[in-house]
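Coordinates in review
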Amino acid sequence: MNKEEVKQVLSTPVNAPVFESTEIFFKNREYLNIIYETDREMLEKVVPEPLKVTSNKIKFEVINMPDSTGLGSYQEAGQVIPVEYNGEQGEFYLSMYVNNQAAIASGREVSAFPKKAGQPKLYVDNDVLVGTLDYNSLRVAQATMGYKHHKMDEQEALKSVTAPQFMLKQVRDYDGSLRVCELTRSQITDIKLKEAYRSPARLQLFEHVMAPLADFPVKKIVDAQHIIADLSLGQPEPIFDYLED
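Sequence order as written defines the numbering, with residues in each chain counted from 1. Thresholds applied to this predicted model are a pLDDT of at least 70 for local features of residues and 80 or more for the giving and counting of side-chain atom pairs; totals over whole chains, interfaces and linings are not thresholded and use all residues. Side-chain calculation: all heavy atoms of the structure are included, whereas hydrogens and water are not.

Another aspect to go through is the overall build of the protein chain. Secondary structure summary: the protein chain contains four helices and 16 strands in total. For 245 residues, the compact-globule estimate of 2.2 N^0.38 gives 18 Å, and the protein chain sits close to it at 18 Å. With respect to the three principal axes, the spread of C-alpha positions in the protein chain is 60 × 40 × 40 Å. What counts as a helix is a DSSP run of H or I of at least four residues, what counts as a strand is a run of E of at least two, and both are numbered from the N terminus. When we talk radius of gyration, it's over C-alpha atoms, and the globule rule is simply 2.2 Å times the number of residues to the 0.38.

Encoded structure:
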């Protein structure tokens, strides 16, 4: 392998990269979103400046991706916080627990998604949509939602899925110091909405040191959404460099 060939390697191992170079498109990407009120001071402790927390609400989401080019079929779950950056409303992606190695690696190496390994699951149990998240052998979150009770307004559903996404991108040097420390922004723009509903819901969070979702206790459920769409993810771009500030 010559020097030019080395530069074309997308990821290691060089003879079997952990993910492939392909445009990822999601068919029938299915969301269970539960928006609930929690302790605002806890949100402010984890949201990095210059983002500003805009309310005491947080979103727990479980996503089923049954048909994803290059990645196959997998699920993820995590928490998202409403924020503002320079007057623009969006969401800070705090955590994403994923059961697909290629999605974790590409999400961290190429993009800025805060992904780590977990065992999420989204399924229908008779008349209920169920979303769960296990970390190794322990349950850390369980959500239940009535199955397709009330249709959502299409524009409201699209707005929910396509809000600007803010994330923290960090790359460490060999001595442990920061080589890259940036705030990034991305947004889903290529989307075809298929179905969208809201229903009554419940959410339980369980204490876990390595999956601390319960640090943001459920005080009141504000909304529960079940959305299905075809889409492709937007490309993240840096908007703030902490190393130059």
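Sheet strands associate in pairs through backbone hydrogen bonding, adopting either a parallel or an antiparallel arrangement. Any two strands are treated as partners once DSSP identifies two or more bridges connecting them. The antiparallel open sheet is built from four strands, whose spatial order is 7-8-9-14. Edge strands, defined here as strands with exactly one partner in the open sheet, are strand 7 (119–125) and strand 14 (201–205). Recorded for the sheet is a direction-independent mean angle of 10° between the axes of neighbouring strands. Pairing between strand 8 (residues 128–135) and strand 9 (residues 138–146): eight bridges, direction antiparallel. For V128, the partnering residue across the bridge sits in strand 9 and is G146. For every element, the axis is a line fit to its C-alpha atoms; helices are fit only across the contacting stretch, and the angle between N-to-C directions ranges from 0 to 180 degrees.

In this structure, G72 sits in strand 4 (residues 72–85). As for G72 and R172, which are separated by 100 residues in sequence, their C-alpha atoms are 30 Å apart. Residue contacts are defined here by distance: any two heavy atoms, one from each residue, within 4.5 Å place the two residues in contact. Setting aside residues up to four positions removed in sequence, G72 forms contacts with M65, P66 and D67.

Next up on the list: unusual backbone geometry. Note that the residue after T12, namely P13, is joined by a cis bond; omega there is -5°. Structurally, P13 is set in the loop between helix 1 (3–7) and strand 1 (25–37). Of note in the backbone geometry, N28 takes a positive phi value of approximately 55° without being a glycine. Inspection of the secondary structure assignment puts N28 in strand 1. Even without a glycine there, the phi angle at K148 is positive, about 55°. Tracing the chain through its elements places K148 in the loop between strand 9 and strand 10 (150–151).

Residues belong to a common nonpolar core when they are buried Ala, Val, Leu, Ile, Met, Phe, Trp, Tyr or Cys residues joined through side-chain atoms within 4.5 Å. Relative accessible area decides the class of each residue, using a 1.4 Å probe on protein chains only: under 20% of the type maximum gives buried, over 50% gives exposed, and in between gives partly exposed. Ranked by internal contacts, the top residues of the largest apolar core, which has 34 residues, are L32, L51, F60 and L213. Among the elements of the structure, strand 1, strand 3 (57–68), strand 4, strand 5 (88–98), strand 8, strand 9 and strand 14 are those that each provide at least two residues to this core.

With that settled, consider a nonpolar patch on the surface. On the surface, M1, V6 and V14 cluster together into a nonpolar patch covering about 310 Å² of accessible area. Structurally, V6 is set in helix 1. V6 sits in the partly exposed class, given a relative accessible area of 45%. Each patch is assembled from residues with relative accessible area greater than 30% and no salt bridge, linking like charges that lie within 9 Å and nonpolar side chains (Val, Leu, Ile, Met, Phe, Trp, Tyr) that lie within 5 Å. The Shrake-Rupley method, run with a 1.4 Å probe, gives the accessible areas here. Residue values count only the displayed protein chains as cover. Definition used for salt bridges: Asp or Glu carboxyl oxygen within 4 Å of a side-chain nitrogen of Lys or Arg.

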